[in-house]
Every structure is written in structure tokens, then in C-alpha cells.
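# A look at the structure
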Amino acid sequence: GAGVSQTPSNKVTEKGKYVELRCDPISGHTALYWYRQSLGQGPEFLIYFQGTGAADDSGLPNDRFFAVRPEGSVSTLKIQRTERGDSAVYLCASSPTASDTQYFGPGTRLTVL
Amino acid sequence: EDQVTQSPEALRLQEGESSSLNCSYTVSGLRGLFWYRQDPGKGPEFLFTLYSAGEEKEKERLKATLTKKESFLHITAPKPEDSATYLCAVQGPEGGKLIFGQGTELSVKP
């Protein structure tokens, strides 16, 4: 079956601009996660959804970052007023429930110039 | 504070030269410890989940073990295609987020 998909695969933007990153989870998975990975580091947790609601957003670095999952499937990570330090690979994962194995998408590489 | 430390940061092996990667962790109530493989430019690929001390799991040339403080990923007679970054992560008692180590970059030369 289809895995987790993320679009776009690459995004280049200018400092101060707004960006949206999209994640399509595996069909039927109720839990969806966002992580951020900098070069040479492991993924760092940002937020996770159980259904439509954010169950844990403790990893969001500041109020410029926001995520939604309005229908309990597709999720969008939104970053306002981007900064050069936001440059990283943004990974999405999904799992059948919050206690199950997480399966990752290929990531979106964000570059802020 | 929950924490995961992997060692070594990088490991170079000759084809057929067996070795082990280490993952040390501190977590307030381990729900599960996860091993992933990550190839350059790709997302992490799931390998194993371990739930309790003494548990072992195997897949081809890989074997993962777990104690109360650390996990090992043993690689037996590695091949060049095993070259990748191996990530370890822990999940606390409430499930949800994974806390990752920084990874071990493995290179296997023919």
C-alpha cells in the first residue's frame, strides 16, 4: 500500500515569507507526527495529532509554527515569517495509534535564504 | 529529562567485519525503543521495536538487544548495502512522540 507522502519535496523561500508543508499519512492511521531534522542530527519532535486534535505540541519552537489536521487525515505545517534557522528537513510520520510504530515520509527540505 | 545518546557517531567497517552500535537512554518509563535506518535524502525506515529488557529481535544481518539502560544493534558480516545512518529512539509511557539520538553513520567498504 501507499506510504506517507509529503509535498513539496523541496521548498526554497526568502526570509520573512510564509510557507506550508503538506503530509498525507497512511490510510487509516489516526496518529500523525511532525519532526524536524537538521544536518547530522536525529529528528526532533514538533507536534502530533490524534485524529483532528493536537495531542502534544510541546516541540513547536515558537508561535511562528502552527499545524492543522482538519479532517483527521492530511496535515499541513505552517511557518510564518520564516528565518534562516528554520532551514531543515521536515519529516512527517503516521501510526495506527499513538502507541504503534511510526512510519516516516521522505521529508520536505526547506531552505530559507 | 528524557535523553538518547548513540555511539560511535561514525563507524567504518570492511565488508564482513562484524560490529555493534550502542544506544544509551534515560526515560521515565520506557514504552518502546525503536531502531530506524536512514539513507541520504530519505526518511527513516523502521527496523525494530523492543519493549522490555532482555528482548532481542533479528532481521537478516541485524540483531537488536535491550537492557534497562541501553540497546545494541549488532551487525554480522555487513555488506556495502548496509551503509546508512542508524537511528535509535525511545517512547515514554504515554506513547506519542519519539526522542531520537543523533544517529550512527555506518560505512561498509567492499
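Here goes a summary of the coordinates provided.

Definitions and limits used
- Residues numbered from 1 in each chain as written.
- Chains lettered and ligands numbered in written order.
- Predicted model: local features only at pLDDT ≥ 70, side-chain atom pairs only at ≥ 80, totals over all residues.
- Heavy atoms only, no water.
- Helix = DSSP H or I, 4+ residues; strand = E, 2+ residues; numbered from the N terminus.
- Polar contact = N/O pair within 3.5 Å; in protein donor to acceptor, adjacent residues only side chain to side chain.
- Contact = heavy atoms within 4.5 Å.
- Buried < 20%, exposed > 50% of the residue type's maximum accessible area, 1.4 Å probe, protein only.
- Buried area = accessible area lost by both parts, 1.4 Å probe.
- Salt bridge = Lys/Arg side-chain N within 4 Å of Asp/Glu carboxyl O.
- Nonpolar A, V, L, I, M, F, W, Y, C, P; charged D, E, K, R; others polar.
- Pairing = 2+ DSSP bridges.

The next thing to look at is the side chain of Q6 of chain A. All names here are of chain A. Within the fold, Q6 resides in strand β1 (residues 5-7). Separated by 2.9 Å, the side chain of Q6 and the backbone oxygen of Y90 make a polar contact. Within the local environment of Q6, its side chain forms a polar contact with the backbone nitrogen of C92, the two atoms lying 3.0 Å apart. If near-sequence neighbours (up to four positions away) are discounted, Q6 is found in contact with R22, W34, Y90, L91, C92, G105, P106, G107 and T108.

The next point concerns the side chain of S75 of chain A. Residue and element names in this part refer to chain A. Note on placement: S75 falls in strand β8 (residues 75-79). Judged by relative accessible area, which is 0%, S75 ranks as buried. Excluding its chain neighbours within four sequence positions, the residues that come into contact with S75 are L21, R22, C23, L32, W34, F49, V68 and R69.

Moving on to the environment of C88 of chain B. By secondary structure assignment, the location of C88 of chain B is in strand β9 (residues 84-91). In contact with C88 of chain B, other than residues within four places in its own chain, are V4, Q6, C23, L33, F34, W35, I99, F100 and G101 of chain B.

Glancing now at the interface of chain B and chain A. Of the residues lining the interface, 19 residues belong to chain B; the matching set on chain A comes to 20 residues. Of the roughly 1400 Å² buried between chain B and chain A, counting both surfaces, carbon and sulfur atoms make up 52%. Taken together, the links from chain B to chain A amount to zero salt bridges. The greatest single-element share of the side of chain B that touches chain A, amounting to three residues, is contributed by strand β4 (residues 32-38) of chain B. When its residues are assigned to classes, the side of chain B that touches chain A shows seven nonpolar, nine polar and three charged.

Once that is clear, we can look at the pairing of strand β4 (residues 31-37) of chain A. Residue and element names in this part refer to chain A. Of all the seven residues making up β4, seven are buried; the element is thus mostly covered by neighbouring parts of the structure. The alternating pattern of β4 places A31, Y33, Y35 and Q37 on one face and L32, W34 and R36 on the opposite face, and all of these are buried. Hairpin remark: β4 followed by strand β5 (residues 44-50), antiparallel, with six residues in the connecting loop; positive phi at G40, about 80°. Pairing geometry for β4 and strand β9 (residues 88-95), over seven bridges, is antiparallel. Considered in β9, the bridge of R36 is made with Y90.

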